[in-house]
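Understanding the architecture of this molecule
Read off the chains here:
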Amino acid sequence: RFFKSLFSTYKLYQKVIHQLYSLGVQSLPITIITASFIGMAFTLQIVREFEKFGANFLLGGIVGLAVWRELAPLLTGVAVSARVGAAIASELGTMRVTEQVDALKALSQDPVRYLVVPRILAVMIMMPLLVAVADAVGFMSGFFVGVPMANINPNAYFSSAITMLEPFDILGGLLKALVFGFLIGLISCFEGLNTKAGAKGVGIATTRAVVKTIISIFIVNFFLSYTLF
């Protein structure tokens, strides 16, 4: 129904712009915080191991590979699913139990076209953008932690990244983000629109949405990593 409604939605542009701000722009702080500390924690661990083998000059390339291929897409997806998935499921669940969805049907409005399509599209658009920010933040946080600890030339950090990494390492991570965004939007909207009556039902639907999206992201991430890289 989502793909069918995708080509027949009235005033889709305005609805997507509104959802992009509420779901995307407001997720930027949590994305930056998550990427910063993940990049620093990962760098902190591998610097100590690299020092044993005298391989500190490879630090930038290893951090880039880890962040751009796996850590930034995966952990941004988890953080965003916790915030956005809960927001979508609780909002649509509340509309369901207060009969606002039934009111849309009474006005000859398709709930999928009116409620679901803008939200899924907004999450699909924002996820690659958020992951791109997480890529840059995670890589640079590794730089600020790793260079002083490893006692290497700052240019060596970037040189190893340029040598070891390819453009598809970044593009592959962004492709993952697009798929994760689709999963977050689809599962959250499904759980929200299938909420049972009562406040308890909204809480259950929200919990199910977050749990299912996170599990789906971990499972799909493995197969995408195996296929892409």
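Predicted model only: the values in this text are computed from it and were never measured.

Concerning the overall build of the chain
For the chain, the helix and strand inventory stands at 9 helices and 0 strands. Each helix and strand of the chain, ordered N terminal to C terminal, gives the series α-α-α-α-α-α-α-α-α. For the chain, the spread of C-alpha atoms along the principal axes amounts to about 70 × 35 × 30 Å. Scored against the burial criterion, the 229 residues of the chain give a buried share of 47%. Sequence separation of at least 24 residues holds for 85% of the intrachain contacts in the chain that already meet a minimum separation of 6. In the structure as shown, the chain presents an accessible area of about 11500 Å², 70% of it carried by carbon and sulfur atoms. The positive charge centre, built from 17 side chains, and the negative charge centre, built from 11, are 11 Å apart in the chain.

Details of the pattern of salt bridges
This structure, assessed with the given rule, holds 5 salt bridges. Between Glu-70 and Lys-176 there is a salt bridge; the shortest N-O distance is 2.9 Å. Linking Glu-70 in helix H4 (residues 59-97) with Lys-176 in helix H8 (residues 167-193), this pair joins segments that are 106 residues apart in sequence. Note that Glu-191 and Lys-212 form a salt bridge whose closest N and O atoms lie 2.7 Å from each other. Of this pair, Glu-191 sits in helix H8 while Lys-212 sits in helix H9 (residues 199-228), placing them 21 residues apart in sequence. Classification of Lys-212 as partly exposed rests on a relative accessible area of 40%.

Section: the nonpolar core
Val-84, Val-123, Met-126 and Met-127 are the most contacted members of the largest nonpolar core, which totals 33 residues. Elements with a contribution of two residues or more to this core: helix H2 (12-24), H4, helix H5 (100-106), helix H6 (111-150), H8 and H9. By residue number, the principal contributor to this core is H6, which donates 13 residues.

Rules of the game
- Residues numbered from 1 in each chain as written.
- Predicted model: local features only at pLDDT ≥ 70, side-chain atom pairs only at ≥ 80, totals over all residues.
- Heavy atoms only, no water.
- Helix = DSSP H or I, 4+ residues; strand = E, 2+ residues; numbered from the N terminus.
- Buried < 20%, exposed > 50% of the residue type's maximum accessible area, 1.4 Å probe, protein only.
- Contact = heavy atoms within 4.5 Å.
- Areas by Shrake-Rupley, 256 points an atom, 1.4 Å probe, with all protein chains shown as cover.
- Lys, Arg positive; Asp, Glu negative; His and termini not counted.
- Charge placed at Lys NZ, Arg CZ, Asp CG, Glu CD.
- Salt bridge = Lys/Arg side-chain N within 4 Å of Asp/Glu carboxyl O.
- Core = buried A, V, L, I, M, F, W, Y, C linked by side-chain atoms within 4.5 Å.

Any link to function would need more than the numbers given here.
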